Amino acid sequence: KTVVSAADRDLVLASGVAGVNCSWNRLDEIPWERLRRCGQHRTLPFLVAANTVNYGRPWKLNTAEAIAATLAIVGLRAQAVEMLRPFSWGSEFLRLNQELLDGYSAQASSAGVRAWQEEHLAKCAAERSMRRAESMDLPPSCSSDEGEEGEEGEE
């Protein structure tokens, strides 16, 4: 599968962007084979949803987020902003994914986008591991009741 990249800018300008608007729960019902017969198909790299149904969930974009992400990645950021303007969560999608969209749009090819994505995800995994390995600085827990109970039982 080819991931959308800055190399697709001319294709987007000439042909536009289309998305499949369906529920994630019914994705298996889409006739993918018939759709593959025409057009230039692209997939999106890792992004996080900001819509009200799937907020914070990776890979679960709605159609508006997917089209806006495509526009941003190919270098049409102003059009991406305009695409999301009607949605209350639109600016949040761009804010939440700013680092990702900037990184992807800086890559010249699909292979570059894929490599940058893997690098970014590996960095996130390493940061998560470091945070988990750090000891938490919590106040000591002490209970004066524990010592008293043991003494009461001995009387």
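Scroll up a little and you will see the structure.
Residues numbered from 1 in each chain as written. Predicted model: local features only at pLDDT ≥ 70, side-chain atom pairs only at ≥ 80, totals over all residues. Heavy atoms only, no water.

A.B. asks: I'm lost on the overall build of the chain in this one. Help?
C.D. replies: A count of helices and strands for the chain gives eight helices and zero strands. Evaluated residue by residue, the chain yields a buried proportion of 29% over its 155 residues. Of the contacts formed within the chain by residues at least 6 apart in sequence, a portion of 63% connects residues at least 24 apart. Summed over its atoms, the accessible surface of the chain is roughly 10700 Å², and 51% of this surface lies on carbon and sulfur atoms. (Helix = DSSP H or I, 4+ residues; strand = E, 2+ residues; numbered from the N terminus. Buried < 20%, exposed > 50% of the residue type's maximum accessible area, 1.4 Å probe, protein only. Contact = heavy atoms within 4.5 Å. Areas by Shrake-Rupley, 256 points an atom, 1.4 Å probe, with all protein chains shown as cover.)

A.B. asks: In this structure, what is going on with the layout of surface pockets? I would like to understand it.
C.D. replies: Taken as a whole, the second largest pocket encloses approximately 160 Å³ of empty space. What lines the second largest pocket is Phe46, Val48, Gly56, Pro58, Arg95, Leu96, Asn97, Gln98, Glu99, Leu100 and His120. Looking at the lining of the second largest pocket, the elements with two or more residues in it are helix H5 (90-96) and helix H6 (98-105). Per element, the largest residue contribution to the lining of the second largest pocket is three residues, and it comes from H6. Per-class residue counts for the lining of the second largest pocket are five nonpolar, four polar and two charged. (1 Å grid on protein atoms, 1.4 Å probe; cavity = no way out; pocket = protein on both sides within 12 Å on 5 of 7 lines; lining within 4 Å. Points joined across faces, edges and corners; volume = space filled by probe spheres on them. Nonpolar A, V, L, I, M, F, W, Y, C, P; charged D, E, K, R; others polar.)

A.B. asks: Help me understand the pattern of salt bridges in this model?
C.D. replies: For side chains bearing opposite charge, pairing can occur when the charged atoms are close. Here the structure, examined in full by the defined rule, presents five salt bridges. Here aspartate 102 makes a salt bridge to arginine 77, at a shortest N to O gap of 2.8 Å. Of this pair, aspartate 102 sits in helix H6 while arginine 77 sits in helix H4 (residues 77-84), and the two are 25 residues apart along the sequence. By relative accessible area, arginine 77 is classed as partly exposed at 27%. Here glutamate 99 makes a salt bridge to lysine 123, at a shortest N to O gap of 3.2 Å. You can see glutamate 99 sitting in helix H6 and its partner lysine 123 sitting in helix H7 (residues 110-133), a full 24 residues away along the chain. Taking relative accessible area as the criterion, glutamate 99 reaches 46% and is therefore assigned partly exposed. (Salt bridge = Lys/Arg side-chain N within 4 Å of Asp/Glu carboxyl O.)

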